[in-house]
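Each chain, letter by letter, is given below.
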Amino acid sequence: MTHEKFDSEINTLKKFFEIYCHDKHQDKTMHEGNYNIPYKEQYFKLDVTLCNECNALLSKAISRLQECPHEEKPRCRKCPNPCYEKEEWKAIAKIMKYAGIKLGLGKVGTKLKKLLRL
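S.K.: Summarise the packing of helix H1 (residues 3-24) against helix H2 (residues 52-66); cite the residues concerned and give the values.
M.R.: Contact pair H1 / H2: the axes reach a minimum separation of 11 Å and the direction vectors enclose 165 degrees. Considering their axes alone, H1 and H2 lie roughly antiparallel with respect to each other. Handedness of the crossing formed by H1 with H2: right-handed. On H2, the residues touching Phe 6, Glu 9, Ile 10, Leu 13, Phe 17, Tyr 20 and Cys 21 of H1 are Cys 54, Leu 57, Leu 58, Ala 61, Ile 62, Leu 65 and Gln 66.

See the structure below:
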């Protein structure tokens, strides 16, 4: 995958994990994580604040993304050669679903507010 696509993918992971963790793990201690991620002779910097559980899962997700053999990365759920173990995949799918819905609802809410002002 291209550097731009990789950058987009890791930033999407960051956004989704932060939304999920901040909503679901408010009672846990948050830690700042600074990732310096190598990918095809380039480094990508990622700063996140997550609980230990989410930080560990994000690390695994980034590692899997770095090792993805596909030039055009498919969605993980449609991948012909899944690299996640079933339990890891379920945990990440849960995070992506929750944050995706929340982001989608936020966009709908913003559009509604704009419409109501007209």
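S.K.: Go over unusual backbone geometry with me, naming the residues and quoting the values.
M.R.: Despite not being glycine, Lys 40 shows a phi value in the positive range, around 45 degrees. Among the secondary structure elements, Lys 40 is positioned in the loop between strand E1 (31-39) and strand E2 (42-50). Residue Lys 40 is classed as partly exposed on the basis of its relative accessible area, which comes to 45%. The phi torsion at Glu 41 lies on the positive side, around 65 degrees, for a residue other than glycine. By secondary structure assignment, the location of Glu 41 is in the loop between E1 and E2.

Procedures and definitions
Residues numbered from 1 in each chain as written. Predicted model: local features only at pLDDT ≥ 70, side-chain atom pairs only at ≥ 80, totals over all residues. Heavy atoms only, no water. Axes fitted to C-alpha atoms, helices over the stretch in contact; angles between N-to-C directions. Helix = DSSP H or I, 4+ residues; strand = E, 2+ residues; numbered from the N terminus. Parallel < 35°, antiparallel > 145°, perpendicular 65-115°, else oblique. Left-handed = near helix turned anticlockwise from the far one by under 90°. Contact = heavy atoms within 4.5 Å. Buried < 20%, exposed > 50% of the residue type's maximum accessible area, 1.4 Å probe, protein only.

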